[in-house]
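Here is how the chains run, residue by residue.
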Amino acid sequence: MNIIADKMKWKLFVLTCFLWAPAAFWAQDVQIAFEEYDLPNGMHVIFHEDHSAPITVISMLYHVGSKNEDPERTGFAHFFEHLMFEGSEHIARGQFDKIVNGSGGYSNAFTTKDQTYYFNLFPSNHLELGLWLESERLLHAKIDEKGVATQREVVKEERRMRYESRPYGTAIEELSKRAFTQHPYRWEPIGSAQYIDQASLEEFMKFYKTFYVPENVTMTIVGDFEPAKTKKLIAQYFGDIPRGGKTIPRPSADEPFRSREVRDTVLDNIQLPGVFMSYRCPGIGTKDYYALEMISNLLDGGESSRFSAEIINKQQKAIQASCFFRSNEGPSQMLIFTIASNGTKAYELEVAVNEELEKIRENLISEREYQKLLNQIENDFISSKGSLEGLAQSLPYYKVFMGNTNLINTELSNYRAVSREDLQAVAKKYLTRENRVVLYYLPK
Amino acid sequence: MHTYKFLFILLSFCFFTTVQGQLDRSKMPEPGPAPEVRLGEPQTFRLDNGLQVFVVENHKLPRVSFTLFVDNDPVFEKNKAGYLSAVGELMRRGTASRNKEEIDEAVDFIGASLYTSSNSIYGSCLSKHNDSLFMLMSEIILTPNFNQEELDKIKNQNLSQIKVRNANPNAISRILSNKLIYGETHPYGEFESEKSWQNIQLEDCRNHFLTYFRPSNAYLVVVGDMAFEEVKKKANQYFGPWKKKDIPSHSYEMPSAPDMPQVALVDFPNAVQSVIVVGYPIDLKPGAEDAFAVLLANMILGDGSTGRLFSNLREEHGWTYGAYSSIDNDKWVGSFTASASVRNAVTDSAITEILHEMKRIRNELITEEELRLAKNNMIGEFIRSLEDPQTIARFALRVERFGLPKDYYKNYLKHIEAVSIEDVQAAAKKYIRPDQAHIIVVGKASEVAEKLKPLGELTYYDTQAQAYRPDEKGIPEGLTGAKIIERYIAARGGKPAFAEIKDITRVYTGKVMDQDLELRIYQKVPNMYLQQMDAGGFSQKTIFDGKNGMKSDMTGKQALAGKELDQVKLEAIIMPLQDHLTNGFELKLMGVQANGKGEDLYQLEVKDRLGNTSIQYFEAKSGLLVKKETSVETPDGQHFTQSTEILAYQDVNGIKIPSRIVQTVGPQRIELTASELKINSGLKKGLFKIEK
């Protein structure tokens, strides 16, 4: 029921020894053992066993997000996600969550530009219940006028709460709609209230039949379960769900790189100015993508990062200076969000940010800072394996968007392969004025 | 051999088809046998200085976390609210051997995290780096170096943060809720302001740290990939030298809930949603006997997406993205809160439904089915929490800190199972109190205020959580009482026009208690005065001839003296405010109010040389006096307010004279309309002659 604005950062690190003063540290890593297979109807299944606690997570990643929407129906995929909690052939309206909670479970979902992700966390004796619930959702979800009418209002409240009522809350929408001119990434998953009102029941049914089909979903089971027995149950609950059979539409629109900087000003109910930027970047899995992820860490990874140390602490021009690499299946965005300190003007803050980016373009980073980045990434990667639900998200993500589930064990080498020179090169290539949108948020 | 193989194929085929045939999708699957819940115990030891250490070994991942905290009583920050937060920030901004940049670099270089607060330090890292992080934590505690330059930076950051907070309805809702729920007599109700941040001195921070950050009440919790013996060795090495010292203890009075619902409103004129909180303090200590019953009551009322609040406000009405309630147990003072963000138009309806659900869980027994599901939910939460190795440490710590029975968490599921539907209702009646709640709304007042009034006494608060009257506004910069008078004189016709006045005649008629009333006032420069009032056969006259005064009515005549004489002397001057300085007036600009018709009124306190004080209201737009309030004391010592409103002025020889006046004294209201207004009609001196 959430919208995840930025891609979960899955960062890995490879087992290699490296040296630095004063002591040598061996690499520590954890291999995640998994198995995967396809059902005859095309549904992909991934298993990872972990019996340390009596808990099982069942997740369903549908390869559909806001980028699959009609530009006249933005917000549709996320709205649809809400409807998927309404009920099914055998689950009465409003009972979905009651069944889950009443069995000691927890379930939720989110929609991004590329995916719609549902998950259920249960005490492990309720595994079959989780399979039943997800099969109901895939096979014959039930959507009626009452549900549509209610969720329409709920989603509009979600929009007000997350975007309109928050200071600077509309920044991401305002950036994206200027960052892309053709690609459906130009709107955010929350979409427009106007289109949420217009969507009809027939359109929902068509969307359901197109995207909620076995060949478009990856089921992941993580935690305390027996694979052999579970395979049988999956065959029972999902084996006879028919394929959609049609080609699943994927947007083909590419987005050319800009040749000119786009600048604009937005007036908001705020007291301190904000400066927000978006740089057009390549999609996930490319070599440049790994380098840009590392640059985002260089700018905003910890108190010693460039933004924190220089702009916040030394120059005291900002109270917040963040960088998110928002990776997408298609073109990604490097997002910079800064809020000025009291008395600092927007352009002064922008100058400070520009200077930091220029330093990366102009100078090779030091060996020590490079090592720091790798150490941070190693830590983040290992820590990301600490939660079952985290694994239930990352395993199918690697499979669906990067075509290789085993990246959960090997992706670290992709970061290691990025040299200091590569970092400078991508900064020169992507972090340029022509390739960006700059927004000033000023008090109304 | 062949037969056997065939049989195998046949059997597996049968099995496959049977399974397919058996599946009845309309039936919800039955759960398997309940999993065994294994609850580990941390290993513990205590250092000589009192620091108590809990260790949960877990080698699943090569990482470790350290949580150190001092379990002290809460303290009041008073007019320096924010200094505790400054202490926390200063801790990681300098030690005897490292400055902020060096600390930051040390933490980031090993990919670690480190957070400090005035009563805790938390760090986590890959286990191969545990020594660096452990050492840094001890350095922070043992050799702090708080310095002014860093405090100045922290102050500036926080002063800016307050500006961000001021624009955020959720943040404002939080500080106001705390203030109202916990009150001003408990530290939980405190919040930071620009002023309180400015008051913070380095000494405050240093003293606090040296006084309170001591090992006698402290706990160190180590969870993860680190062996018990290694923790023991390093804890002794790094925290052994930490010196103990007696820590001051504090106690506070238990905050109380209001006697009846109180509505607090913060106006965000551009808001598209109202942030609603219904809350009050409760006395619910950790481990209280009815804790499980009240938590189950809350689970049914408003915990998560299956609570009644969510079902009602979101799924039934579509008013909100989420509506929840929570019950906090706390050693000092707990709280109940219910909250939702809803669109403006349904603000009052949403509150009504929240209160309705609160009443319903008190007044109606829940069903056995509801209780079963709530128990399952709670058991599930407990089981799911065990995934995190921190949980075992958290449980052990709560047992230790709050003196819970040793087997409290071992018997947790039994405690849940023991609760009956009657227990839930009894707990609801005790802790869920819709009639004694603060109802806190941050939203667009012009759209929600009127509809909130029936819910309870309505008080407006500004974004600094200070109560105010909504018709009062800030004083424009540079505006003074003298300037208001200057504009007033100009609006009445200007100083030169007043200088032309030789005499004025004013006659007003009206009704008082069904009797006709006539009021005549004559004035002649420099200071002659005659006022005559006739009403229903009653007649009263006051004369001042420039030197002496006389009052007469049907009972007789009386020479004026003392204060009465001084009074009429002053009234005899035409437009005494014109020369307010020479005439000995004191002016004090009180504020700006809205008049209810979209116009601002300047509120001026006017004190004349006799000590009489009145509040006078001047219209910002026209500059004219529109209302005057005087406090009147009756002979028997009662005070009441007399108000005079000027509804209209009439232009006479370029001077504006009040032509319609309403006087209100207590319940009595007299409306006067001018029947004769003249300037320079040639009044003779003889008119003001006092007949002895």
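Residues numbered from 1 in each chain as written. Chains lettered and ligands numbered in written order. Predicted model: local features only at pLDDT ≥ 70, side-chain atom pairs only at ≥ 80, totals over all residues.

Some words on the overall build of chain B
Thinking step 1. When you go through chain B residue by residue, the secondary structure sums to 20 helices and 27 strands.
Thinking step 2. Over its C-alpha trace chain B gives a radius of gyration of 38 Å, far above what one expects of a compact globule, namely 26 Å for 692 residues.
Thinking step 3. In terms of overall dimensions, chain B has a C-alpha envelope of 145 × 70 × 45 Å along the principal axes.
Thinking step 4. Per-residue burial over chain B gives 35% buried out of 692 residues.
Thinking step 5. Long-range pairs, those at least 24 residues apart, make up 70% of the contacts in chain B with a sequence separation of at least 6. (Helix = DSSP H or I, 4+ residues; strand = E, 2+ residues; numbered from the N terminus. Rg over C-alpha atoms; globule rule 2.2 N^0.38 Å. Buried ≥ 20, exposed ≤ 12 C-beta atoms within 10 Å, placed from the backbone. Contact = placed C-beta atoms within 7 Å.)

Points about the overall build of chain A
Thinking step 1. Broken down by element type, chain A carries 16 helices and 14 strands.
Thinking step 2. The C-alpha atoms of chain A give 23 Å as radius of gyration, which agrees with the globular expectation for 444 residues (22 Å, within 12%).
Thinking step 3. By principal-axis analysis of the C-alpha atoms, chain A measures approximately 60 × 55 × 40 Å.

Let's talk about the domain arrangement of chain A
Residue and element names in this part refer to chain A.
Thinking step 1. With domains assigned, chain A is organised as domain 1 (2–15 + 28–238) and domain 2 (262–443).
Thinking step 2. The gap between the C-alpha centroids of domain 1 and domain 2 is 27 Å.
Thinking step 3. Mapped onto the side of domain 1 that touches domain 2, the elements with two or more residues apiece are β5 (44–49), β6 (55–62), β8 (116–123), α5 (171–179) and β9 (217–223).
Thinking step 4. Of the residues forming the side of domain 1 that touches domain 2, the biggest block, five residues, is contributed by α5.
Thinking step 5. In terms of residue class, the side of domain 1 that touches domain 2 is built from 22 nonpolar, ten polar and twelve charged. (Domains from an automatic or database assignment. Nonpolar A, V, L, I, M, F, W, Y, C, P; charged D, E, K, R; others polar.)

Observations regarding the sheet that holds strand β13 (residues 332–340) of chain A
Sheet strands pair by backbone hydrogen bonding; their relative direction is either parallel or antiparallel.
All names here are of chain A.
Thinking step 1. Spatially, β10-β14-β11-β13-β12 is the arrangement adopted by the five strands of the open sheet, whose pairing is mixed. At either margin of the open sheet sits one strand with a lone partner, and together these are β10 (262–268) and β12 (318–326). The sheet shows a mean angle of 15° between the axes of neighbouring strands, direction not considered.
Thinking step 2. Examined bridge by bridge, β10 and strand β14 (residues 436–443) share seven bridges and lie parallel to one another. The residue of β14 that forms the bridge with aspartate 268 is proline 443. (Pairing = 2+ DSSP bridges. Axes fitted to C-alpha atoms, helices over the stretch in contact; angles between N-to-C directions.)

Structural notes on the interface of chain B and chain A
Thinking step 1. At the junction of the two partners, chain B supplies 67 residues and chain A supplies 64 residues.
Thinking step 2. Here the side of chain B that touches chain A takes nine residues from helix α5 (residues 148–166) of chain B, the largest share from any one element.
Thinking step 3. Here the side of chain B that touches chain A is built from residues that sort into 29 nonpolar, 23 polar and 15 charged.

Some details on the sheet that holds strand β10 (residues 334–343) of chain B
Residue and element names in this part refer to chain B.
Thinking step 1. Here we have seven strands laid out as an open sheet, ordered β9-β10-β8-β11-β7-β12-β13, and mixed in their pairing. Two strands bound the open sheet, and with one partner strand each, they are β9 (320–328) and β13 (467–468).
Thinking step 2. Sheet strands in contact with helix α11 (residues 308–316) are β9 and β10, and its direction is about 160° off that of β9.

Topic: the nonpolar core
Thinking step 1. If you look at the biggest cluster of nonpolar residues, it comprises 179 residues, and the most contacted ones within it are Phe276, Leu292, Met294 and Ile295 of chain A together with Met137, Leu220 and Val222 of chain B.
Thinking step 2. Residue contributions to this core peak at eight residues, all from helix α9 (residues 287–300) of chain A.
Thinking step 3. What isoleucine 295 of chain A contacts, discounting residues up to four positions off in sequence, is Ile360, Leu423, Val426 and Ala427 of chain A.
Thinking step 4. Counting 67 residues, the second largest nonpolar core, distinct from the first, contains Ala293, Leu373, Val442 and Val448 of chain B. (Core = buried A, V, L, I, M, F, W, Y, C linked by C-beta atoms within 7 Å.)

Structural notes on helix α8 (residues 227–238) of chain A
Residue and element names in this part refer to chain A.
Thinking step 1. Between its first and last C-alpha atoms α8 spans 15 Å; for twelve residues at 1.5 Å apiece the expected length is 16 Å, and the two agree.
Thinking step 2. The set of residues buried in α8 consists of Leu233, Ile234, Tyr237 and Phe238. Projected down its long axis, α8 carries its buried residues within an arc of 105°, all on one side. Opposite the buried face of α8, by more than 90 degrees, sit the exposed residues Ala228 and Lys229. (Expected span 1.5 Å × (residues − 1). Arc of directions from axis to C-beta.)

What about the environment of threonine 463 of chain B?
All names here are of chain B.
Thinking step 1. If you trace the backbone, threonine 463 turns up in the loop between β12 (457–461) and β13.
Thinking step 2. The exposure class of threonine 463 is partly exposed, given the 19 C-beta atoms found within 10 Å.
Thinking step 3. Taking the C-alpha atoms as reference points, threonine 463 and leucine 176, separated by 287 residues in sequence, lie 8.4 Å from one another.
Thinking step 4. In this view, threonine 463 contacts Asn166, Ile172 and Val266; residues no more than four positions away in its chain are not counted.

Some remarks on the confidence of the model for chain B
Residue and element names in this part refer to chain B.
Thinking step 1. Residues at a pLDDT of 70 or more form 94% of chain B, whose mean pLDDT is 91.
Thinking step 2. Counting interchain partners and residues more than four positions distant, the pLDDT-below-50 stretch residues 1–20 has three contacts.
Thinking step 3. For this predicted complex, the interface confidence reaches an ipTM of 0.91, while the overall pTM sits at 0.79. (pLDDT = per-residue confidence, 0-100.)

A few points about the domain arrangement of chain B
Thinking step 1. Partitioning chain B into domains gives domain 1 (43–239), domain 2 (262–470) and domain 3 (481–688).
Thinking step 2. Put simply, the middle of domain 2 of chain B and the middle of domain 3 of chain B, counted by C-alpha atoms, are 58 Å apart.

Some remarks on the pairing of strand β11 (residues 438–443) of chain B
All names here are of chain B.
Thinking step 1. Within β11, six of the six residues are buried, which leaves the element mostly enclosed by the surrounding structure.
Thinking step 2. A two-sided burial pattern is seen for β11, the buried positions comprising His438, Ile440 and Val442 on one face and Ile439, Val441 and Gly443 on the other.
Thinking step 3. Here six bridges tie strand β7 (residues 262–267) to β11, and the two strands are oriented parallel to one another. Counted as the bridge partner of valine 263 is isoleucine 439 from β11.
Thinking step 4. Where strand β8 (residues 273–282) and β11 come together, five bridges link them in antiparallel fashion. Bridge pairing in β11 links valine 278 to isoleucine 439.

What about the packing of α9 of chain A against helix α12 (residues 367–384) of chain A?
Residues and elements named next belong to chain A.
Thinking step 1. Where α9 meets α12, the closest approach of the two axes is 10 Å, and the angle between their N-to-C directions is 105°. One way to sum up the angle between α9 and α12 is to call them roughly perpendicular. Of the residues in α12, those in contact with Met294, Asn297 and Leu298 of α9 are Leu373, Gln376 and Ile377. (Parallel < 35°, antiparallel > 145°, perpendicular 65-115°, else oblique.)

Focus on the packing of helix α10 (residues 291–302) of chain B against helix α16 (residues 421–431) of chain B
Residue and element names in this part refer to chain B.
Thinking step 1. In the contact formed by α10 and α16, the axes pass within 8 Å of each other and the chain directions differ by 85°. The angle between α10 and α16 places the two elements in the roughly perpendicular class. Contacts between α10 and α16 involve Ala293, Val294, Leu296 and Ala297 from the first element and Asp423, Val424, Ala426, Ala427, Ala428 and Tyr431 from the second.
Thinking step 2. Broken down by class, the residue content of the contact of α10 with α16 amounts to nine nonpolar, no polar and one charged.

A word on helix α14 (residues 390–402) of chain B
All names here are of chain B.
Thinking step 1. A rise of 1.5 Å per residue sets the reference length of α14, with its 13 residues, at 18 Å; its end C-alpha atoms lie 18 Å apart and thus fit the reference within 8%.
Thinking step 2. Inspection of α14 places Ile392, Ala393, Phe395 and Ala396 among the buried residues, and these make up the whole buried set. In an axial view of α14, the angular spread of the buried residues amounts to 160°, which keeps them on one side of the axis.
Thinking step 3. Against the buried residues of α14 lie β2 (52–57) and β6 (218–224).
Thinking step 4. Residue glycine 403 follows α14 closely and has a positive phi angle near 60°.

Brief notes about the pairing of β9 of chain A
All names here are of chain A.
Thinking step 1. Burial within β9 is extensive, with seven of its seven residues counted as buried.
Thinking step 2. Both β5 and β9 contribute to a ladder of six bridges, which runs parallel. Counterpart to histidine 44 in the pairing with β9 is threonine 218.
Thinking step 3. One ladder, built from seven bridges, connects β6 with β9; its direction is antiparallel. Opposite leucine 61, over in β9, you have threonine 218 as the bridge partner.

Some details on the environment of threonine 391 of chain B
Residues and elements named next belong to chain B.
Thinking step 1. Looking at the secondary structure, you find threonine 391 in helix α14.
Thinking step 2. With 19 C-beta atoms packed within 10 Å, threonine 391 lands in the partly exposed category.
Thinking step 3. With near-sequence residues (within four places) excluded, threonine 391 lies in contact with Ser385 and Leu386.

Topic: the environment of serine 304 of chain A
Thinking step 1. Among the secondary structure elements, serine 304 of chain A is positioned in the loop between α9 and α10 (306–314).
Thinking step 2. Taking the C-alpha atoms as reference points, serine 304 of chain A and alanine 53 of chain A, 251 residues apart in sequence, are found 37 Å from one another.
Thinking step 3. When residues no more than four places from it in sequence are discounted, the contact partners of serine 304 of chain A are Ala309 of chain A together with Asp104, Glu105 and Asp108 of chain B.

As for unusual backbone geometry
Residue and element names in this part refer to chain B.
Thinking step 1. Looking along the chain, the bond that leaves valine 525 and enters proline 526 is cis, with omega of -5°.
Thinking step 2. With respect to the element layout, proline 526 can be found in the loop between β16 (515–524) and β17 (528–535).
Thinking step 3. Even without glycine at this site, methionine 575 takes up a positive phi of about 55°.
Thinking step 4. Assessed through the 18 C-beta atoms surrounding it within 10 Å, methionine 575 is described here as partly exposed.

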